[in-house]
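Take a look at the letters that make up each chain.
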Amino acid sequence: MAALKITSENFDEMVLKSEKPVLVDFWATWCGPCQMQGPIVEDLADTEPSVTVGKINVDEESDLAEKYSVMSIPTLIVFKGGKAVERSVGVTPKEKLLDMLGI
């Protein structure tokens, strides 16, 4: 399953109300490090059915980026029980993402 596109319209349902831990990748098309992070995030989405993986384009969803104080991208935030519990800024290896998710 590919990473989900998360928007302001579906954020509450997909992230805050999720029964599973959610990894959210804040990214942009013009961001080189984001392009390096993308395949890692997609691989996680494809190989870990116990979590939800989503991507938020900061150019399209600047309100969500602002709400979660995303100043640099890529920023990856783990949500559990509707709360942001872990954060990583910059290209993050899959092993660290798994650790952040508690897998």
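Reading guide: rules and limits
- Residues numbered from 1 in each chain as written.
- Predicted model: local features only at pLDDT ≥ 70, side-chain atom pairs only at ≥ 80, totals over all residues.
- Heavy atoms only, no water.
- Helix = DSSP H or I, 4+ residues; strand = E, 2+ residues; numbered from the N terminus.
- Polar contact = N/O pair within 3.5 Å; in protein donor to acceptor, adjacent residues only side chain to side chain.
- Contact = heavy atoms within 4.5 Å.
- Core = buried A, V, L, I, M, F, W, Y, C linked by side-chain atoms within 4.5 Å.
- Buried < 20%, exposed > 50% of the residue type's maximum accessible area, 1.4 Å probe, protein only.

Novice: Tell me about the side chain of serine 88, and name the residues and values.
Specialist: Following the sequence through the fold, serine 88 ends up in strand β5 (residues 83–89). Of note is the side chain of serine 88, whose polar atom sits 2.6 Å from the side chain of threonine 92. Residues within four places of serine 88 in sequence aside, it is in contact with Pro74, Thr75, Leu76, Lys96 and Met100.

Novice: Summarise the nonpolar core; cite the residues concerned and give the values.
Specialist: The biggest cluster of nonpolar side chains holds 19 residues, and the ones touching the most others in it are Phe11, Val24, Phe26, Ile73 and Phe79. Among the elements of the structure, α1 (11–16), β2 (22–27), α3 (62–67) and β4 (75–80) are those that each provide at least two residues to this core. Counting residues per element, this core draws most heavily on β2, at 4 residues. Setting aside residues up to four positions removed in sequence, phenylalanine 11 forms contacts with Ile6, Leu16, Ile56, Leu64, Tyr68 and Phe79. Among the nonpolar cores identified, the runner-up in size contains 13 residues, and Leu23, Ala45, Val51 and Leu98 belong to it.

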